[in-house]
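The primary structure of each chain is shown beneath.
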Amino acid sequence: PEINTALRILHQQRHPVTLITVSYACARTYADYTLIDHVIYNGLDLEAIPFQPTIPSEASLLFAGRIAPEKGVDTAIEIAERAGHRLLIAGGVYDRSYYEERIVPKLRQVGDRVTYLGLLERQALWKIMGQSLGLLFPIAWDEPFGLTAVEAMATGTPVIAFRRGAAEEVIRHGETGFLVTPGEITHAAELVGDLCNISRARCRAHVEAQFTLERMLDAYERVYSSLL
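Residues numbered from 1 in each chain as written. Predicted model: local features only at pLDDT ≥ 70, side-chain atom pairs only at ≥ 80, totals over all residues. Heavy atoms only, no water.

1. Quick word on the environment of Pro-144
Here is step 1 of the chain: Summarising the element assignment, Pro-144 is placed in the loop between strand S6 (134–137) and helix H6 (147–155).
Here is step 2 of the chain: Beyond its immediate chain neighbours, meaning those up to four positions away, Pro-144 contacts Val-22, Ser-23, Cys-26 and Ala-166. (Helix = DSSP H or I, 4+ residues; strand = E, 2+ residues; numbered from the N terminus. Contact = heavy atoms within 4.5 Å.)

Here's what the structure looks like:
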């Protein structure tokens, strides 16, 4: 609320600042307060992220992100269970009550079909991403960007995501993963079997074309130059 109030006041003062955000979806959330001047997607240093061109058909699914309600960890577990697939979970606990009340009971219920790996260092996470059949991204909020999905695609791993926030801008349905109506857990589970039909090379190429560190820096430099 404080940010929105500040943006409204700046807008009333003839918009004296230049505003940049990371997706068109995110820009729309500020439309009632002010206009966003530029959208620049986040970028990754792809030289640091290994590409995994092939994986075994029995590879696990992966959830990576904060252990918090908005990330949909409990939903990811349910999707994996309905699909009959093993699931790895990587991420730090940001909401202790949610973890203890919603996640721990599910972990006990499903046994060794779901493994919680804890918070991983980046290189270790990227290695596991590249070895996964797919990333589950069943977000329960309007994600402003979705860097985890981009990281997964950079390793070659496709994504199954709920169609919220910037997911449509990040993931190409049927090419680098699948977009599902929010809450459609059964549909998401059914699509797990189609992940093997997604080209892992296509996932990497999509990130190379749209979400590189160089592309992001060039875009910011163009904006800065235009303001001089």
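2. Structural notes on the pattern of salt bridges
Here is step 1 of the chain: Throughout the structure, instances matching the rule amount to 10 salt bridges.
Here is step 2 of the chain: For Arg-66, the salt bridge identified is with Glu-70, shortest N-O distance 2.9 Å.
Here is step 3 of the chain: In this structure Arg-66 comes out as partly exposed when scored by relative accessible area, which is 26%.
Here is step 4 of the chain: For Arg-204, the salt bridge identified is with Glu-208, shortest N-O distance 3.5 Å. Pair noted here: Arg-204 and Glu-208 are both in helix H9 (residues 200–210), with a separation of 4 residues, about one helical turn. (Salt bridge = Lys/Arg side-chain N within 4 Å of Asp/Glu carboxyl O. Buried < 20%, exposed > 50% of the residue type's maximum accessible area, 1.4 Å probe, protein only.)

3. So, the side chain of Glu-169
Here is step 1 of the chain: The topology assignment puts Glu-169 in helix H7 (residues 167–170).
Here is step 2 of the chain: Separated by 2.8 Å, the side chain of Glu-169 and the backbone nitrogen of Ala-25 make a polar contact.
Here is step 3 of the chain: The residues contacting Glu-169, other than those within four sequence positions of it, are Ser-23, Tyr-24, Ala-25, Tyr-41 and Phe-211. (Polar contact = N/O pair within 3.5 Å; in protein donor to acceptor, adjacent residues only side chain to side chain.)

4. A closer look at the pairing of strand S8 (residues 177–180)
Here is step 1 of the chain: Burial along S8 is two-sided: Gly-177 and Leu-179 and Phe-178 and Val-180, pointing in opposite directions, are all buried.
Here is step 2 of the chain: Here 4 bridges tie strand S7 (residues 159–162) to S8, and the two strands are oriented parallel to one another. Pairing of Ile-160 across the sheet is with Phe-178, part of S8. (Pairing = 2+ DSSP bridges.)

5. Examining the sheet that holds strand S4 (residues 87–90)
Here is step 1 of the chain: The sheet built from 6 strands is open, its strands ordered S5-S4-S3-S6-S7-S8 with parallel pairing. Since the sheet does not close on itself, it has two edges, and those belong to strand S5 (114–118) and S8, each with one partner. Shown here is a sheet whose adjacent strand axes are inclined to one another by a mean of 20°, direction ignored.
Here is step 2 of the chain: Helix-sheet contacts for helix H5 (residues 122–130) involve strand S3 (61–64), S4 and S5, and the interaxial angle to S3 is about 150°. (Axes fitted to C-alpha atoms, helices over the stretch in contact; angles between N-to-C directions.)

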